[in-house]
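Spelled out, the chains give:
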Amino acid sequence: MRKKEKVIVRRALDYNPENIKKIVREGLGEFGLSSKVKGRITIKPNVVMAHHKVAPSAFTRPEFLNGLLGALTDGKKDTQKIVLAEKTGAGLPTTRMFRRAGYYNLKKKYRIKLVPIEESRKRTIRLQKGEVHEEVTTAREIVDNDFLVYAPKLKSNVLCQGLTAAIKLNMGLLLDRKRLWNHNFNLDKKIADLLEVGFPDFIATDAIEISLGGNQLTQHGRRLGIILMATNPVAHDVVCSHILHLDPEHIQYLRLAQERGYGSLSLDDIEIKGDIPLEEIRQKTKNLDLGVVRVDEVNCNIRTIAGEPYCPGGCHGIFLDWLYMFKDRKPELWKNLPAWTVVIGKHSGDVSASKLMVIGTCSEIQGKVRARKKRKIRGCPPRHKDLVLLFFLKAGILNPLFRFDIIIDAYFFLFISWCKRFIKGRL
Ligand code: SF4
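The notes below deal with the structure included here.

The rules behind these values
- Residues numbered from 1 in each chain as written.
- Predicted model: local features only at pLDDT ≥ 70, side-chain atom pairs only at ≥ 80, totals over all residues.
- Near = placed C-beta within 6 Å.
- Helix = DSSP H or I, 4+ residues; strand = E, 2+ residues; numbered from the N terminus.
- Nonpolar A, V, L, I, M, F, W, Y, C, P; charged D, E, K, R; others polar.
- Core = buried A, V, L, I, M, F, W, Y, C linked by C-beta atoms within 7 Å.
- Buried ≥ 20, exposed ≤ 12 C-beta atoms within 10 Å, placed from the backbone.
- Domains from an automatic or database assignment.
- Contact = placed C-beta atoms within 7 Å.
- Pairing = 2+ DSSP bridges.
- Axes fitted to C-alpha atoms, helices over the stretch in contact; angles between N-to-C directions.
- Parallel < 35°, antiparallel > 145°, perpendicular 65-115°, else oblique.
- Left-handed = near helix turned anticlockwise from the far one by under 90°.

**Thoughts on the site of the ligand**
Argument step 1. Around the ligand sit 13 residues, and of these Cys 311, Gly 314, Cys 315, Gly 360 and Cys 362 come closest.
Argument step 2. Put simply, the parts of the chain that give the shell around the ligand at least two residues each are β13 (341–348) and β14 (351–366).
Argument step 3. Here the shell around the ligand gets four residues from one element, more than from any other, and that element is β14.
Argument step 4. In terms of residue class, the shell around the ligand is made up of seven nonpolar, six polar and no charged.

The structure is reproduced here in structure tokens:
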């Protein structure tokens, strides 16, 4: 009989680090891992973006990591070397996001090292099962360690059929150029490829406050009051998808992970333990709207025409994410956005519009175009930050992320980070 993978779900009503420490310590014990927590330990959190005003719920909270670090270091005096490694969203410098996320206090308290992956010493791993990536270059600490811990934040994400949990965390192993490469209809294959490099020994998930319903960066947090722990990321994500009322069979990267032998998508193959039944959690989440729709179905002033290919992980999804930034952070503007028509992908047919924006390098209109104003944004796909900037410059639309402090982070501090890498020979 096939051995069942275990996922532990524990109640944690608030971000009390002592309570989190106790829960994680008990979880490590239940998985028989307590004695393995030693040597070089790498923790990979989710810090895709952190900002007190516009992205307060996008990242693993420092209080959660405080409890996790407490559990990992409990009673062990200087026997471990702990690093916390991450690469934030494309076009943002990780050091700034570590600071905005409040991780520097953890650095002082636990004497850990914060490793921005783009500035670190790298290792390149050739993949055996990769369909998109033949090799992956990431921080040495991700592939060369004694114990790898993933600390994701449970979130919804419209780019990948609704779920960001343990497996999707692997996108943060990639440097910007490779991260955006094939970030289109191939995104699910990319994510599945990365499991060959990023397969944690232990997962502890911050689901005390989950975030959902809009853009993965700007959406609002909602108290769920649980911590999940597992050793198999597929089993972990299957339980997370059921928590969010998603069918794991419909999440393509999970289906690919199963096909490649990383784990089963059936709940029958998973033993769920802990002190809160899955059904009780699902009752709390049953009416939550994850916002997972096609971009041309969104009901707002901007009309979107979706051509082929439809790229949920590319231009279509990223534009939907751009729209959701208004819903999340400027709801008064959401229904009153200027009346642009946006075409994404190859569209067969005529288009008549007052103001027309075409998004995506491959996008074109195979028919007659009648428009007073016509603009194009290139990229396959364009980055979130490009859409924010170029929609301002080309259409005069001010996105909630168009803020002075974020512009300084995304351009000035990114340049500083590039200089550091250049000087150290780590580009
Ligand atoms: S440019 Fe075309 S293929 Fe690339 S992400 Fe956009 S729509 Fe998809």
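Now that the structure has been shown, the text picks up again.
**Some details on the nonpolar core**
Argument step 1. One finds Leu 68, Ile 227, Leu 228 and Phe 319 to be the most contacted residues of the largest nonpolar core, which totals 123 residues.
Argument step 2. Among the domains, domain 1 (5–285) and domain 2 (295–406) are the pair contributing at least three residues each to this core.
Argument step 3. Sequence-distant contacts of Leu 68, that is, excluding residues within four places in its chain, are made with Ile 20, Val 24, Ala 151 and Ala 204.

**Points about the sheet that holds strand β12 (residues 303–306)**
Where strands meet in a sheet, backbone hydrogen bonds hold them as pairs that are either parallel or antiparallel.
Argument step 1. Pairing within the open sheet is parallel, and its four strands lie in the order β12-β13-β14-β15. In this open sheet, the two edge strands, each paired with only one partner strand, are β12 and β15 (369–377). Between one strand and the next, the sheet's axes are offset by a mean angle of 35°, whatever the strand orientation.
Argument step 2. As paired elements, β12 and β13 share four bridges and run parallel to each other. For Arg 303, the partnering residue across the bridge sits in β13 and is Thr 341.
Argument step 3. Its contacts with the sheet put helix α11 (residues 315–329) on β12, β13 and β14, and the angle it makes with β13 is roughly 170°.
Argument step 4. Sheet contacts for helix α13 (residues 384–395): β14 and β15; angle to β15, the most-contacted strand, approximately 140°.

**Brief notes about the pairing of strand β1 (residues 5–11)**
Argument step 1. Of all seven residues that make up β1, five are buried, and the element is covered over most of its length.
Argument step 2. Of the strand pairs in this sheet, β1 and strand β10 (residues 220–230) are connected by five bridges, and their pairing is antiparallel. Of the residues in β10, the one forming a bridge with Arg 11 is Ile 226.

**Observations concerning the environment of Gly 214**
Argument step 1. When you line up the elements, Gly 214 lands in the loop between β9 (202–212) and β10.
Argument step 2. The spatial distance from the C-alpha of Gly 214 to the C-alpha of Leu 290 is 6.8 Å, given a sequence separation of 76 residues.
Argument step 3. Those residues in contact with Gly 214, other than ones at most four positions away along the chain, are Gln 219, Gly 291, Tyr 324, Lys 327 and Asp 328.

**Some points on the packing of helix α1 (residues 17–30) against helix α2 (residues 62–73)**
Relative orientation and spacing of two packed helices are given, respectively, by the angle between their axes and the distance between those axes.
Argument step 1. Two elements in contact, α1 and α2, have axes separated by 7 Å at closest approach and are oriented at 45°. By the angle between their axes, α1 is oblique relative to α2. Crossing handedness for the pair α1 and α2: right-handed. Contact residues: α1 offers Pro 17, Ile 20, Lys 21, Val 24, Arg 25 and Leu 28, while α2 offers Glu 63, Phe 64, Asn 66, Gly 67, Leu 68, Gly 70 and Ala 71.

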